[in-house]
Structure formats: C-alpha cells, structure tokens
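A structural walkthrough
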Amino acid sequence: MRRPVSVKDRVAKQKQAHPKGLKGNKLIRHYHNLLKEKARLTATQAPVQQIQDVEQQLEAIGIDAYQKASQNGQNSQKGGDSSKILVEWIRADPSFYSKHPNDRPQQMLEIGSVSVDNKCSTCGLFSVTRIDLHSSHPLIQEQDVLTRSPKQGQFHGISCSLVLNFAPPNLRAQILWKCSQLLLPPNSTHPPWFFLVLPAPCVTNSRYMDGATLHSILHHFGFTLRYSSISKKIAYYLYAYDHPCSTNLSWKKKIVHDGPSRNNFFIPCLSS
Ligand SMILES: C[S@@+](CC[C@H](N)C(=O)[O-])C[C@H]1O[C@@H](n2cnc3c(N)ncnc32)[C@H](O)[C@@H]1O
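Owing to the predicted nature of the structure, the values given are computational and were not obtained by experimental measurement. Every chain is numbered independently, its residues counted from 1 as its sequence is written. Note on the predicted model: pLDDT of at least 70 is required for a residue's local features to be given, and 80 or more for side-chain atom pairs to be given and counted; whole-chain, interface and lining totals, by contrast, use all residues. Hydrogens and waters are ignored; side-chain quantities use all the structure's heavy atoms.

Let's talk about unusual backbone geometry
Across residues other than glycine, the phi torsion is negative in most instances, and most of the peptide bonds are trans. Of note, Q45 is a non-glycine position whose phi angle comes to about 50°, a positive value. The way it works is that DSSP assigns letters per residue, a run of H or I at least four long becomes a helix, a run of E at least two long becomes a strand, and they are numbered from the N terminus. Looking at the element boundaries, Q45 is found in the loop between helix 2 (24-43) and helix 3 (48-61). Remark: exposure states derive from per-residue accessible area (1.4 Å probe, protein chains only) relative to the maximum for the residue type, with buried under 20%, exposed over 50%, and partly exposed in between. A residue is classified by how much of its surface remains accessible, and Q45, at 72% relative accessible area, is exposed. Positive phi, normally seen in glycine, also occurs at L162, with a value near 60°. Looking at the secondary structure, you find L162 in the loop between strand 4 (157-161) and helix 7 (169-182). With relative accessibility at 34%, the residue L162 sits in the partly exposed group.

Some points on the sheet that holds strand 4
Following DSSP output, two strands are said to pair if at least two bridges run between them. Strand order in this open sheet of seven strands is 3-2-1-4-5-7-6, and the pairing throughout is mixed. Looking along the sheet, the strands with just one partner apiece sit at the ends: strand 3 (140-142) and strand 6 (223-230). Direction aside, neighbouring strands of the sheet carry axes that sit 20° apart on average. Pairing of strand 6 with strand 7 (residues 234-241), which is carried by seven bridges, proceeds in the antiparallel orientation. Each axis is a line fitted through C-alpha atoms, taken for helices only over the stretch in contact, and angles between the N-to-C directions span 0 to 180 degrees.

Quick notes on the nonpolar core
Remark: nonpolar core denotes a set of buried residues (Ala, Val, Leu, Ile, Met, Phe, Trp, Tyr, Cys) joined through side-chain atoms within 4.5 Å. Membership of the largest hydrophobic core comes to 38 residues, with the highest contact counts inside it found for F194, L196, L214, F221 and I267. Listed by contribution, the elements that provide at least two residues to this core are strand 1 (106-111), strand 4, helix 7, strand 5 (193-199), helix 8 (201-204), helix 9 (211-220) and strand 7. It only takes one pair of heavy atoms within 4.5 Å for two residues to be counted as in contact. Every residue in contact with F221, bar those within four places of it in the chain, is listed here: A173, L176, W177, S180, Y241, C245, L249 and C269. Counting residues in each nonpolar core, the second largest holds 19 residues, with I85, L86, Y97 and C120 among its members.

Structural notes on the packing of aromatic side chains
Each Phe, Tyr or Trp ring, with Trp reduced to its six-membered ring, pairs with another whose centre is within 6.5 Å; inter-plane angles below 30 degrees give stacked pairs, above 60 give edge-to-face pairs, and intermediate values give tilted ones. Scanning the model with the defined rule gives 11 aromatic pairs in all. A centroid spacing of 6.2 Å and a plane angle of 70° characterise the contact between Y208 and F266, whose relative ring orientation is edge-to-face. Highlighted residues: Y208 in the loop between helix 8 and helix 9 and F266 in the segment after strand 7, separated in sequence by 58 residues. Judged on exposure class, the residue Y208 and its partner F266 are both buried.

Looking at the UniProt feature "binding site: S-adenosyl-L-methionine" (unreviewed entry) in the protein chain
Here, the residues flagged by UniProt with the feature "binding site: S-adenosyl-L-methionine" (unreviewed entry) are G112 and D132. Taken together, the annotated residues stretch across 21 residues yet fold into one region, lying no more than 4.6 Å apart by C-alpha. Overall, the relative accessible area of 22% leaves G112 in the partly exposed class. With near-sequence residues (within four places) excluded, G112 lies in contact with I131, D132 and V163. Structurally, the position occupied by D132 is in strand 2 (residues 126-132). Beyond its immediate chain neighbours, meaning those up to four positions away, D132 contacts Q67, G112, S113, V114, I140, Q141, E142 and Q143. Looking at D132, its side chain comes within polar contact range of the main-chain nitrogen of H134, at 2.9 Å. UniProt positions are given in the numbering used here, feature names are shortened, and annotations may be inferred rather than shown by experiment. Throughout this description, a polar contact denotes any pair of N or O atoms lying within 3.5 Å of each other; where both atoms belong to protein, one of them has to be capable of donating a hydrogen while the other can accept it, and for residues adjacent in sequence the pair is counted only when both atoms sit in side chains.

Right under this line is the structure:
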C-alpha cells in the first residue's frame, strides 16, 4: 500500500528543488500545494513566520509563471483546452443552444481566464467576458469573481475551469453562490448553464467528495447535472441552472471514501 504524503511533506520536498527549475504540471502542482499549505497554516493560526515563508515561496515562483504554465496546459497541441468540451456539449443540446441567430452570441463569463484564443473565444457561439485575479492580457479583466456584481451584467453561461480547486476551501461555496447570482434567472426550458472543471482526483480520490456528493451540493445552488466526462486527469461537468439557489445551504463534511492515499478536497458549505 502506498504511504500517504502530506501536503506539508510534499511542499518540503519540492522546496529542496529550486522553484525556477520547475516547469509545466510540476510547477502548477507545487504552486497549488503551496496555496494549500498557506491555507492550512492560516487555519491553524501557525506562527506568522511560517506563513511568510510559504508566501515567499509563492512569490519566488510568481503568479506570471503559474499562469504561463496554465496557458501552456491549454495549448491545443496538448489537448488541454477544456472549453472544447463545453462547446461540443452546448452545440449538441437544443435547450442550451438556440438555432435562432437572434439568440447568438450568448453572453458568457469565463472565470480564471488565462487565454483569449481558446475554443470558447473562437467558436462564434459566445461573447466572452473574461476575468482573472491576475490579468495576463488586455482582454482579461483583473477581477475577483467574488467582488463582481450582477449589476455589471448577467450571463447565459459561466465557465469555472480549474478555479474552485485553486480557491481556498472557505471561498469555494461563495464562488458557487456568486456564480448562481451572475447567471440569468433559472429556467427549466432554456436554462442558463454552468461549466465546472476540476482535477479528476478532487472527485475520484477525495476522502470527502465524490461525483454524487458534488452534484448534490451543486443542486443546492440551483444546478442540475446534464453532462459529464472524466478523464484520468480532469473532470468536466455541465450543469443547467434550472431551479433557485437554496437560501439555507448546509452540507456536513463527512468521509465518503476512506483510505490513506486519498486527498481532502471538499466544498465547505455553511447554513445561513
Ligand atoms: C489553474 S488556472 C485555470 C486556468 C484556466 N481556466 C484553465 O482551465 O486552464 C486558475 C485561475 O483561476 C484564477 N482564479 C482563482 N480564484 C479566482 C477568483 N476568485 N476570481 C477570479 N479568478 C480566480 C487564478 O488567478 C488562476 O489564473
């Protein structure tokens, strides 16, 4: 049986390697591990010095290098552009894709945008508003989705690809709630849609989360699963926003699959 390696140990091991030497997926993974370590230290009220040490390691890698690595992962030659799947699903479903030209392009919000020429931007179906915590292009607004107001516009669809796993656990439910508010009102015939992409292990190898748990949580936010596809690395989900978001959200964290080599990914939801 493989011994579990804690985030703390993984961070310590990677620290020995010079961060500038890390590339591609290794860099992305290390950056995520540092973010998790920072969240863990902050939650356990660890000494400020330890938190600053992790922050310095994050700075040494730099958000630019992290986003560049994410952009390269989206490169079509590497088959990494998740919006290709989104476009296929939307095109194939008449409830999401009206044949009437007056209904196009649909207004779409891309959260965590690192590229302006991925499939959702070039397919002609959508007019894309792109936001990211750290803009890497003039057509990407620098904005935290949590600070965005529905008054700035409501959307037919939202793409939230590899963002929830990047966000600290305590903000994940807030991001889902915000997405429900930034979509047009729920509709059962022609519903607004929500495209969620997660690293597959968040649902296939988490102690606290599996597909059924994820979809039940998302259902509380107004989303019903329509399409899913899981590869070894990535899980893709398209939800219909077809009922109102619950006002009393509460989901107790409980172990759904136990085992030593599992991760702790979860979406903590507190009742209001
Ligand atoms: C791994 S990258 C994902 C890039 C791309 N969407 C993809 O699927 O490859 C995660 C991005 O989400 C952004 N992000 C995380 N939290 C966010 C928030 N609250 N608001 C806007 N962007 C956020 C980060 O800045 C980062 O660029």
